[in-house]
Amino acid sequence: MEDTIFDKILAGEIPADTVFENDHVIAFRDISPQAPEHVLVVPRNRMTSIAEAPDHDPAVLGHFLQGIALTAERLGLEEGGYRVVFNTGRDAQQTVAYIHAHILGGRKLQWPPG
Ligand code: 5GP
């Protein structure tokens, strides 16, 4: 499978504004932010989207989830709150075929999203 932009960021081939990383995830600012805080969390273990989650070790998925929460904590979003989004597939307009969680926060977010 061809490398995505996030494979290249993980490999250090493309720079990113990293806000958090550990053994399981890397989190960096979205290049086109949709909120005052907009960060993408990517697991080091490759998968295309959350649709592949049933094929993966629950421990890997758990570390990913913890990485999302730890990133939000690092951003200081715990008190005000934040939204986590997984765009999945065509109708959700997923553009990068490497799973990523969007963390959005820093302002009151609208619900329902478009
Ligand atoms: P998707 O639409 O697949 O859920 O989200 C992909 C996100 O990746 C978009 O919000 C887009 O702005 C972001 N993005 C695309 N290319 C780059 C890049 O090279 N660097 C960073 N930091 N974000 C990117």
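Above this text is the structure in question.
Residues numbered from 1 in each chain as written. Predicted model: local features only at pLDDT ≥ 70, side-chain atom pairs only at ≥ 80, totals over all residues. Heavy atoms only, no water.

Trainee: Break down helix α2 (residues 58-74) for me, citing the residues and quoting the values.
Mentor: Between its first and last C-alpha atoms α2 spans 24 Å; for 17 residues at 1.5 Å apiece the expected length is 24 Å, and the two agree. Buried residues of α2: F64, G67, I68, T71 and A72, and no others. One side of α2 holds all its buried residues, which, seen down the axis, span an arc of 130 degrees. Turned more than 90 degrees away from the buried face of α2, the exposed residues are P58 and R74. Looking at the buried positions of α2, the neighbouring elements they touch are β1 (18-21), β2 (25-29), β3 (37-43), β4 (82-85) and β5 (101-105). Capping the start of α2, D57 holds a side-chain oxygen 2.9 Å from the backbone nitrogen of A59, two or three residues further along. Looking at the residues trailing α2, positive phi occurs at G76, about 75 degrees. (Helix = DSSP H or I, 4+ residues; strand = E, 2+ residues; numbered from the N terminus. Expected span 1.5 Å × (residues − 1). Buried < 20%, exposed > 50% of the residue type's maximum accessible area, 1.4 Å probe, protein only. Arc of directions from axis to C-beta. Contact = heavy atoms within 4.5 Å. Polar contact = N/O pair within 3.5 Å; in protein donor to acceptor, adjacent residues only side chain to side chain.)

Trainee: Describe the pattern of salt bridges, and please don't skip the residues or the numbers.
Mentor: Enumeration according to the criterion identifies five salt bridges in this entry. Residues R46 and D7 are paired through a salt bridge, measuring 3.3 Å at the closest nitrogen-oxygen approach. Here R46, found in the loop between β3 and α2, pairs with D7, found in helix α1 (residues 5-10); they are 39 residues apart in sequence, far enough to count as distant. The class for R46 is partly exposed, based on a relative accessible area of 27%. Each of D17, R29 and E37 takes part in one network of salt bridges that share partners. (Salt bridge = Lys/Arg side-chain N within 4 Å of Asp/Glu carboxyl O.)

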